[in-house]
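# An overview of the molecular structure
Chain by chain, the residues:
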Amino acid sequence: PRRLPPFQPLLAFDAVVRHRSFTRAAAELGVTQSAISHQVRRLEQYFGTPLLDRRRPGVDLTGEGRALLPELTAALDTLGALDVHVRRAARQ
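The structure contained in this document is the topic of the report that follows. (Residues numbered from 1 in each chain as written. Predicted model: local features only at pLDDT ≥ 70, side-chain atom pairs only at ≥ 80, totals over all residues. Heavy atoms only, no water.)

### Focus on a nonpolar patch on the surface
Together, Phe 7, Leu 79, Leu 82 and Val 86 make up a nonpolar patch on the protein surface, roughly 360 Å² of accessible area in all. Considering every element that reaches the nonpolar patch, the biggest residue donor is helix α4 (residues 63–91), with 3 residues. Note that Val 86 resides in helix α4. Val 86 gets classed as partly exposed once you look at its relative accessible area, which sits at 47%. (Patch = residues over 30% accessible without salt bridge, like charges linked within 9 Å, V, L, I, M, F, W, Y side chains within 5 Å. Areas by Shrake-Rupley, 256 points an atom, 1.4 Å probe, with all protein chains shown as cover. Salt bridge = Lys/Arg side-chain N within 4 Å of Asp/Glu carboxyl O. Helix = DSSP H or I, 4+ residues; strand = E, 2+ residues; numbered from the N terminus. Buried < 20%, exposed > 50% of the residue type's maximum accessible area, 1.4 Å probe, protein only.)

This is how it looks when you write it as structure tokens:
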């Protein structure tokens, strides 16, 4: 079986990085800031390393976060393309 990181925490991490804010990430995903914080911590626990350097104001990526980001972005882009492909096929 595939060993995959938890998906919701990946989405939370992606949103935090794009917005550089837990609050704005929470607004985008329709959850609380606390929920985003918990999701990111869950991802950090999964990988066993901090991914974000939490500063006020904003956040910065750690080295491990910078290493994860391009791979995560590519994976999410692939899933987005898959969604478009399947929906187009369903309309034909």
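There's more to say after this.
### A word on the layout of surface pockets
Here the idea is plain: a probe the size of a water molecule rolls over the atoms and shows the empty space left. Estimates place the volume of the largest pocket at around 260 Å³. If you trace the largest pocket, you find it lined by Arg 20, Ser 21, Phe 22, Thr 23, Gln 33, Ser 37, Arg 54, Arg 55, Arg 56, Pro 57, Gly 58 and Val 59. Among the elements of the structure, α2 (22–29) and α3 (33–47) are those that each provide at least two residues to the lining of the largest pocket. Among the residues forming the lining of the largest pocket, the class breakdown is 3 nonpolar, 5 polar and 4 charged. (1 Å grid on protein atoms, 1.4 Å probe; cavity = no way out; pocket = protein on both sides within 12 Å on 5 of 7 lines; lining within 4 Å. Points joined across faces, edges and corners; volume = space filled by probe spheres on them. Nonpolar A, V, L, I, M, F, W, Y, C, P; charged D, E, K, R; others polar.)

### Considering the packing of aromatic side chains
The final tally for this structure, using the stated rule, is 1 aromatic pair. With 5.0 Å between their ring centres and 85 degrees between their planes, Tyr 46 and Phe 47 make a pair best called edge-to-face. (Phe/Tyr/Trp six-rings, centres within 6.5 Å; stacked < 30°, edge-to-face > 60°.)

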